[in-house]
Amino acid sequence: MSHVSVDYYKIGSMIDQATSHLSYQIEGVDSSVGVIRADLHSTNSELKELRKLFEEYVETAARVAARQQSETRVGNLKAELDRQFGQYKIVRLTSVGMLQAFDVGNVSNDSVQRVSEELMIQTPRYWLAPVIVALAAWSRDNTEIATKSIQEAYSRDANKTSLFFMLVTRRQGRTAASARWLRHYLGSVDPTAPGREFAVILEATGQNAFGPAAQLLLSQQMFRWCTMLRTDDGVVESQIKSWAGEIGRQREQVAEGTYPALEAIAPGWDWLKWQLEQASALPVAIDKYEAIARAEGSLPAALENLLDDILDQLVTEYDAEELPLRRDVLYHEAVIRTDGDVPRARKEADLLQQALDETSDVVTIQTMAAISPDLIGVSQQTQRIAIGVGQSDFVSAVGRYCAIYRQRAVERLMLNLDRTHTGYAVKFKFPGIELSTDVPEEQGIQHIRHLWESTLAGYIDAISFKNKWYTPRVLIGALICLIPMLVNPGFGLLALVAAAVIVYFMGENEKKKCSQAVAAVEAVRETAIGKSIDLYRDATAEYVDAMHVYRLLDSQESELIRLIATWPTANSQMA
Amino acid sequence: MQSRYRLVPKQSVSVNPQTAPANKVSPLVRANRSRPRDAALLDAVSRLDTFTDPETLYALHEWLRERYEERQGGNLVGLFAACHLGRPYVDHQINLAGTIAQHFTATDSVPPDFSAARALARSAAYAYIEVYEDGAVIPIRPDGTSAA
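The structure presented is a predicted model; accordingly, all values stated were derived computationally and were not measured.

**Some remarks on unusual backbone geometry**
All names here are of chain A.
Inference 1: Its identity as a non-glycine residue notwithstanding, Asp 141 has a phi of 60 degrees, on the positive side.
Inference 2: With respect to the secondary-structure elements, Asp 141 resides in the loop between helix 3 (128-139) and helix 4 (143-156).
Inference 3: Given a relative accessible area of 68%, Asp 141 falls into the exposed group.

This is how it looks when you write it as structure tokens:
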């Protein structure tokens, strides 16, 4: 049997070698993987960058394309407008020119007639063309042609024609004729969307610009319209909301620091403040509307200009037929303006369109005239009339406005003298106390005092000198003396006496410190209690004051209602 | 500038809508509700808690119910008002369908339909509060006008 000897050491070293070789190779692979990972990462970010650049390029290209398209389109649309309605522009310019020529009186009837008739032939369907023929015929007293032309214009656009003649006859001082045209105009107005110019007509009639007959006519028509529109609950609600908003806008605010104690210790103060501020709107509203009621109506100097502006607008504004093309132009111009940003351009164009299309019904126009006369350009005189018309809505709004804050009115406040309400409270660990404003003040003060007394008693007790202070020290002294006592009893006795003297003096020192601390607490006792009581007293006084102010403000509702109910220009709308 | 009430003009112009939501009732009912309540009606409501005799109370309830039916302002759940009985009672509910007048102390909770009315009844600005089946809560001022 042969003997096989195994050299374990060699095998072991070979395995070690192989392992270290392997781990070296693995490390190599690892670093290669790391390099690849880094490469991949950089490729990835480069790709992302590329993608971003590409997207930017695509977006820019799209925007440039959109912009170019819009530029071409605007050009085409304008050309189309010019081709289809170019003649309208000439008619508009001619009508303005003709009115000016009448004012100056430097143009012959013949040339006016020739120009107007030419335009009549060249612009079929447009309402302004027969209007200028009628004007020309009127200037040379040709009743037949004037009547025919007016009939034609009226059949083309009743609203614009009657408004035009109403304004022109008024310019010539023919109030009877303008009142007749006002009747036609009112007949053609849609009360749910009377148009932007209606407020000025309302204003002008209120100022007697069209004579007393027109004033009566308009007020009767307004009453009929309002009665009709007010059968819709939504319309009435929306007026009441506007009025309530108007009352709300008169709110004042409690100046910071007016009620410092309540701000500090009443967590419910914000509610009381809110209700105070809500009620504060009432006297301000009374002042505002009393001033309007008392104001002497004066003729606004700008009224003439306003009426001329309507006339100007009427003859220069685009006709309904042109609107689709005009809207397209608006949109493409927005695209060019936004540099091809189509979504933004759409939004801008929509907004512009909305502003152009904005229409309110006559009831809303009345309320707007009453609440924000400046916004729709009417005078205080018209505002007074409009307030009279909106009387019942105003009264309803006052009722609701007050009911809302009264419903949430606070009955009492909790005054919270918490653990940190004063520096002393923190120092002496005051546990905190919550008192309702319903509690009589003297009783509240007693509660606070009691709590403070017990807090201070506890504190003093904690810091006073106690005999148990000696126990550990005496024990330690005795233990220390035990060793010399064992060595030499005489020496031990001496040490014991020395230790007793030391402990005694230390105790005396501690007693002195404690009694000093207690004296310090006693010295500030009344100040600490007084501070809390003062804060509580201030808060209750401020609460009484705030409630008094609230009741004063709140009680003005009846005064405001009386003011509205006895409005000088009110009609019979009040129930 | 401070006003006479030590309040200053508000800086912000944003205004929350201050109105109660509109209840869906017919224009006729709405108009009837807005008509002022006459003095006799107000007087009857204010005297309700002064009677203890069941017959008189019954007659008064009947009379009230008829007046409200005549007004045609919709179906009432009841009326709610501050109570004049004195402590511990603070307010009461008058149910017109039956002949119940229920008095509440400050700690009592009122039926859910009347919780909004209770908050309003605390205000001295209202004589009493009407609560309708459609959810409308209408405060009535001492002069008989509706405040909604």
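**Description of the pattern of salt bridges**
Residue and element names in this part refer to chain A.
Inference 1: Here the structure, examined in full by the defined rule, presents 34 salt bridges over all chains.
Inference 2: Residues Glu 71 and Arg 67 are paired through a salt bridge, measuring 3.0 Å at the closest nitrogen-oxygen approach. One end of the pair, Glu 71, and the other, Arg 67, are both in helix 1 (residues 8-104), 4 residues apart, so they sit about a helical turn from each other.
Inference 3: Of the charged contacts in the structure, one is a salt bridge between Asp 339 and Arg 67, with a shortest N-O distance of 2.9 Å. A residue pair is termed long-range when its members are at least 10 positions apart, and Asp 339 in the loop between helix 14 (323-337) and helix 15 (342-357) and Arg 67 in helix 1 qualify at 272 residues.
Inference 4: Judged by relative accessible area, which is 42%, Asp 339 ranks as partly exposed.
Inference 5: On the basis of relative accessibility, which here comes to 27%, the residue Arg 67 falls in the partly exposed class.

**Re empty space enclosed by the protein**
All names here are of chain A.
Inference 1: Taken as a whole and judged by the stated rule, the model has 2 cavities of 30 Å³ or more.
Inference 2: Estimates place the volume of the largest cavity at around 60 Å³.
Inference 3: Around the largest cavity, the lining comprises 10 residues; the ones closest to its centre are Val 363, Gln 366, Val 389, Gly 390 and Asp 393.
Inference 4: Secondary-structure elements contributing two or more residues to the lining of the largest cavity are helix 16 (362-371) and helix 18 (380-389).
Inference 5: Sorting elements by how many residues they give to the lining of the largest cavity places helix 16 first, with 3 residues.

**Focus on the pairing of strand 3 (residues 89-95) of chain B**
All names here are of chain B.
Inference 1: A large share of strand 3 lies buried, amounting to 5 of its 7 residues.
Inference 2: In this structure, strand 2 (residues 76-82) lies alongside strand 3, joined through 4 bridges in antiparallel fashion. From the neighbouring strand, Ala 81 faces strand 3, where its bridge partner is His 92.
Inference 3: What sits between strand 2 and strand 3 in their antiparallel hairpin is a turn of 6 residues, with Gly 86 showing a positive phi close to 95 degrees.

**Considerations on the packing of aromatic side chains**
Inference 1: The full count for this structure, using the stated rule, is 25 aromatic pairs over all chains.
Inference 2: Here the aromatic rings of Tyr 289 of chain A and Phe 394 of chain A are separated by 5.1 Å at their centres, their planes lie at 65 degrees, and the arrangement is edge-to-face. Of this pair, Tyr 289 of chain A sits in helix 12 (residues 281-294) while Phe 394 of chain A is found in helix 19 (residues 391-407), placing the two residues 105 residues apart along the sequence. This pair shows no difference in class: Tyr 289 of chain A is buried, exactly as Phe 394 of chain A is.
Inference 3: Here Tyr 424 of chain A and Phe 428 of chain A contribute two aromatic rings whose centre-to-centre distance is 6.2 Å and whose plane-to-plane angle is 5 degrees, an arrangement assigned as stacked.
Inference 4: Judged by relative accessible area, which is 2%, Phe 428 of chain A ranks as buried.
Inference 5: Arg 346 of chain A extends its terminal NZ or CZ atom over the ring of Tyr 331 of chain A, reaching a point 4.0 Å from the ring centre.
Inference 6: Its guanidinium or amino end placed over the ring of Tyr 132 of chain B, Arg 33 of chain B lies 3.9 Å from that ring's centre, counting from NZ or CZ.

Calculation notes
- Residues numbered from 1 in each chain as written.
- Chains lettered and ligands numbered in written order.
- Predicted model: local features only at pLDDT ≥ 70, side-chain atom pairs only at ≥ 80, totals over all residues.
- Heavy atoms only, no water.
- Helix = DSSP H or I, 4+ residues; strand = E, 2+ residues; numbered from the N terminus.
- Buried < 20%, exposed > 50% of the residue type's maximum accessible area, 1.4 Å probe, protein only.
- Salt bridge = Lys/Arg side-chain N within 4 Å of Asp/Glu carboxyl O.
- 1 Å grid on protein atoms, 1.4 Å probe; cavity = no way out; pocket = protein on both sides within 12 Å on 5 of 7 lines; lining within 4 Å.
- Points joined across faces, edges and corners; volume = space filled by probe spheres on them.
- Pairing = 2+ DSSP bridges.
- Phe/Tyr/Trp six-rings, centres within 6.5 Å; stacked < 30°, edge-to-face > 60°.
- Lys NZ or Arg CZ within 6 Å of the ring centre and 35° of its normal.

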